[in-house]
Amino acid sequence: MSTVTLSTVTLAAPAAESRPTDPNRLVRFAVQADADPGTLPRVLELFAKRGLVPLSLNSRLLGETLTMEVEMTGMVAAESNHVGNCLRQIPMVLAVAVTERTLPLDLPAAAE
């Protein structure tokens, strides 16, 4: 008779987020790009690989141009500047504008 040993794998909790954040900073990325099926996924990939979910996302097809607006909260200036520069490197992207504003401290925090 053979003996079968079953083992249980216990997954550790994910490490605490280590990137710096600024919860009262809202950044808006306005992107104009060629109307290509791969444009929107490439833009969103830059946020997703950082573990970020946009506060809002709007895209509109106007002729041969796709316009997108992505709003994020919590990004520090160095990170939003880097993402803006990365967006400008995407071949289909024609223009990127990055604007920011400070949210009032008395607004409730976004659900995490």
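Heads up: the structure comes first, above all this text.
Here is a short report on the structure shown in this document. (Residues numbered from 1 in each chain as written. Predicted model: local features only at pLDDT ≥ 70, side-chain atom pairs only at ≥ 80, totals over all residues. Heavy atoms only, no water.)

1. Considering the overall build of the protein chain
The condition that has to hold: Per the convention used, a helix needs a DSSP run of H or I reaching at least four residues, while a strand needs a run of E reaching at least two, with both numbered from the N terminus. Partly exposed describes any residue whose relative accessible area lies between the buried limit of under 20% and the exposed limit of over 50%, with all areas from a 1.4 Å probe on protein chains only and scaled to the type maximum. The contact criterion used is simple: two residues touch if any of their non-hydrogen atoms lie within 4.5 Å. Throughout, the Shrake-Rupley method with a 1.4 Å probe supplies accessible areas, and for residues the shown protein chains are the sole cover considered.
Per the secondary structure count, the protein chain includes two helices and four strands. The linear arrangement of helices and strands in the protein chain, starting from the amino end, is β-α-β-β-α-β. In the protein chain, which comprises 112 residues, the share counted as buried stands at 25%. For the protein chain, contacts bridging at least 24 residues in sequence account for 77% of all contacts bridging at least 6. If you sum the accessible surface of the protein chain, you get close to 7,900 Å²; carbon and sulfur atoms cover 55% of it.

2. Observations concerning the pairing of strand β2 (residues 56-62)
Rule in force here: Two strands are said to pair when DSSP picks up at least two bridges between them.
Where β2 meets strand β3 (residues 65-74), seven bridges bridge the pair, whose relative direction is antiparallel. Each bridged residue has a counterpart across the sheet, and for S59 the counterpart in β3 is M68.

3. Examining the sheet that holds strand β4 (residues 93-102)
Here is the rule we go by: For every element, the axis is a line fit to its C-alpha atoms; helices are fit only across the contacting stretch, and the angle between N-to-C directions ranges from 0 to 180 degrees.
One open sheet holds the four strands; their spatial order is β2-β3-β1-β4, and the pairing between them is antiparallel. Both outer strands of the open sheet, β2 and β4, are each paired with one neighbouring strand and no more. Strand-to-strand, the axes of this sheet are offset by a mean angle of 10 degrees, without reference to chain direction. Here helix α1 (residues 39-48) sits on the sheet and contacts β1 (22-34), β2 and β3; the angle it forms with β3, its principal contact strand, is near 15 degrees. On top of the sheet, helix α2 (residues 77-89) reaches β1 and β4; it is set at about 10 degrees to β1, its chief contact.

4. Thoughts on the nonpolar core
Defined as follows: Residues grouped as a nonpolar core are buried Ala, Val, Leu, Ile, Met, Phe, Trp, Tyr and Cys residues, joined through side-chain atoms within 4.5 Å.
Ranked by size, the top nonpolar core spans 19 residues in total, and within it F29, F47, M72, M75, V83, L87 and I90 carry the most contacts. Broken down by secondary-structure element, the contributors of at least two residues to this core are β1, α1, β3, α2 and β4. In contact with M75, not counting residues within four places along its chain, are D22, R25, V27, F29, F47, L52, S80 and V83.

5. Points about the side chain of R25
In plain terms, the rule: Residues adjacent in sequence count toward polar contacts only when both atoms are side-chain atoms; beyond that, a polar contact is any pair of N or O atoms within 3.5 Å, and within protein one must be able to donate a hydrogen and the other to accept it.
Mapped onto the elements of the fold, R25 is located in strand β1. Relative accessible area serves as the criterion here: at 6%, R25 is assigned to the buried category. From its side chain, R25 meets the backbone oxygen of M75 in a polar contact 2.6 Å long.

6. Focus on α2
Think of an α-helix as 3.6 residues a turn; residues three or four steps apart then line up on the same face. For clarity, the threshold we go by: Multiply 1.5 Å by the residue count of a helix minus one, and that product is the helix's expected span.
Helix length check: α2, at 13 residues, gives a terminal C-alpha distance of 19 Å against a target of 18 Å (1.5 Å per residue), a fit within 8%. Where α2 is buried, its residues meet β1, α1 and β4.

7. Here we look at the pattern of salt bridges
Quick note on the threshold: Any carboxyl oxygen of Asp or Glu that lies within 4 Å of a side-chain nitrogen of Lys or Arg is treated as forming a salt bridge with it.
Across all of its chains, the model carries two salt bridges by this definition. For E100, the salt bridge goes to R25, with nearest N and O atoms at 2.7 Å. Within this pair, whereas E100 is found in strand β4, its partner R25 is found in strand β1, the two being separated by 75 residues in sequence. Between R28 and E69 there is a salt bridge; the shortest N-O distance is 2.8 Å. Of this pair, R28 sits in strand β1 while E69 is found in strand β3, placing the two residues 41 residues apart along the sequence. Accessibility expressed as a relative area gives 26% for R28, which makes it partly exposed.

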